[in-house]
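# Descriptive structure summary
If you want the building blocks of each chain, they are given just below.
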Amino acid sequence: MDIFHTIPAVRDFVRQARARGRVVGLVPTMGYLHEGHLELMRQAKKQCDIVVTSIFVNPTQFGPGEDLATYPRDLNRDAAMARGVGVDAIFNPGVEEIYPPGYSTYINVERLTEKLCGAARPGHFRGVATVVAKLFNIVRPDYAFFGQKDAQQALVIKRMTADLHMDVEVVVVPTVREQDGLAMSSRNIYLNPAQRQAALVLSRSLNKAAAAVKAGQRDVSKIRQLVVDLIRAEPLAEIEYVEIYSYPDLEQTKVLDGAALLALAVKIGRARLIDNIIL
Ligand code: PAF
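Residues numbered from 1 in each chain as written. Predicted model: local features only at pLDDT ≥ 70, side-chain atom pairs only at ≥ 80, totals over all residues. Heavy atoms only, no water.

Attention now moves to the packing of aromatic side chains. In this structure the tally under the stated criterion is six aromatic pairs. Judged by centre distance (5.3 Å) and plane angle (45°), the rings of Phe4 and Phe13 are tilted. Residues Phe4 and Phe13 agree in their burial class; the two are buried. Aromatic pair Phe62 and Tyr71: ring centres 5.8 Å apart, planes at 80°, arrangement edge-to-face. The pair Phe62 / Tyr71 is uniform in exposure class, with both members buried. The side chain of Lys115 reaches across the aromatic face of Tyr245, ending 5.0 Å from its centre. One cation-aromatic arrangement involves Arg126 over Tyr106; the distance from NZ or CZ to the ring centre is 3.8 Å. (Phe/Tyr/Trp six-rings, centres within 6.5 Å; stacked < 30°, edge-to-face > 60°. Buried < 20%, exposed > 50% of the residue type's maximum accessible area, 1.4 Å probe, protein only. Lys NZ or Arg CZ within 6 Å of the ring centre and 35° of its normal.)

Of all five residues making up strand 5 (residues 143–147), four are buried, and the element is well covered by its neighbours. Pairing analysis gives five bridges linking strand 5 to strand 6 (residues 169–173), with the strands arranged parallel. Opposite Gly147, over in strand 6, you have Val173 as the bridge partner. Since strand 5 and strand 6 lie parallel, the crossover through helix 7 (residues 151–163) that links them has a hand, and here it is right-handed. (Helix = DSSP H or I, 4+ residues; strand = E, 2+ residues; numbered from the N terminus. Pairing = 2+ DSSP bridges. Right-handed = clockwise from strand over helix to strand, strands pointing away.)

Pasting the structure below:
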C-alpha cells in the first residue's frame, strides 16, 4: 500500500491505474479509522479494482471552538488498518497542499444544508462540500463511498455531484454499530465509561421511534417527543437537535406518509454524537 502526501503523486498513481483500465474507488475520511470506515473500504474493494482512502482532517468544516486541534490523529495506526482491508493507497495531504495561501474558492450547497447539522454548525457543509469536490478533482474516482451515519452529508454530496455534473457515483453504506447499538464514530474516543454507557440513549431512542412507527404512529411531533423524552431522561445527555424530515428532500412534514429521516445530535461530555434512522 502506498502513502502519498502530494497531489501530483496521488494523481500519478491513479492515472497509471486508469491507463491499465482499472476502476477507481475513493473513501474520503478524516482518519482515526474505525470499523465504520473499514466497512466503506471493504465495499469499495468489492466494487472497484483500486481503492484510495484520503486521510485529511479538513479545517474548513470545523467551526470556532470545535475540536479541530484535538481531533484524534494516528497515521501509522490508520495505515495498518487500511492495509488490512486491502486499500491500495492512502492520500494524506498537509493543510497547505489542499488550501494553499490565497485559496478563496468554496462550494455552497443550498437548502439541504440549512437544517440539522447545517443549522447547528454554520459553515460545516461548505467545508465538507469544498474538500470533497477537491478530492474528487484530485483522485477522479469512478465511485466514492460515504456512511449513512452522516445522512445529511451523504445527501449534500449527492446533490453537489448532480448539480455540478461530477462524473462520480456516490455510494452510501449503512451505519456500522457496536454490538450494543452505539454508532461507530472517531469521536467515541472522547467518552469515559459512564458517558459511553449514556451514549446508548441515541440508538435506544431511534429504536423506540421505529417501534412506534411500526405500531402505527404517524404523527411526527409525537414520534419526535418520544425521542426527546427518552434522551432528556439521561442526565449526561444534552440534546442539540432531534428532527424528522421527509427523506431524501429534507422537507418539513407533520404526518409520516413516505420515507422520513429521524436525525439527532446529542452532546455527551465533550463528544458531539450524531445518529439517524430512516422511518
Ligand atoms: O465524513 C467525514 O469524515 C468528512 O466529513 C469527510 C467526508 C471526509 C470530508 O472531510
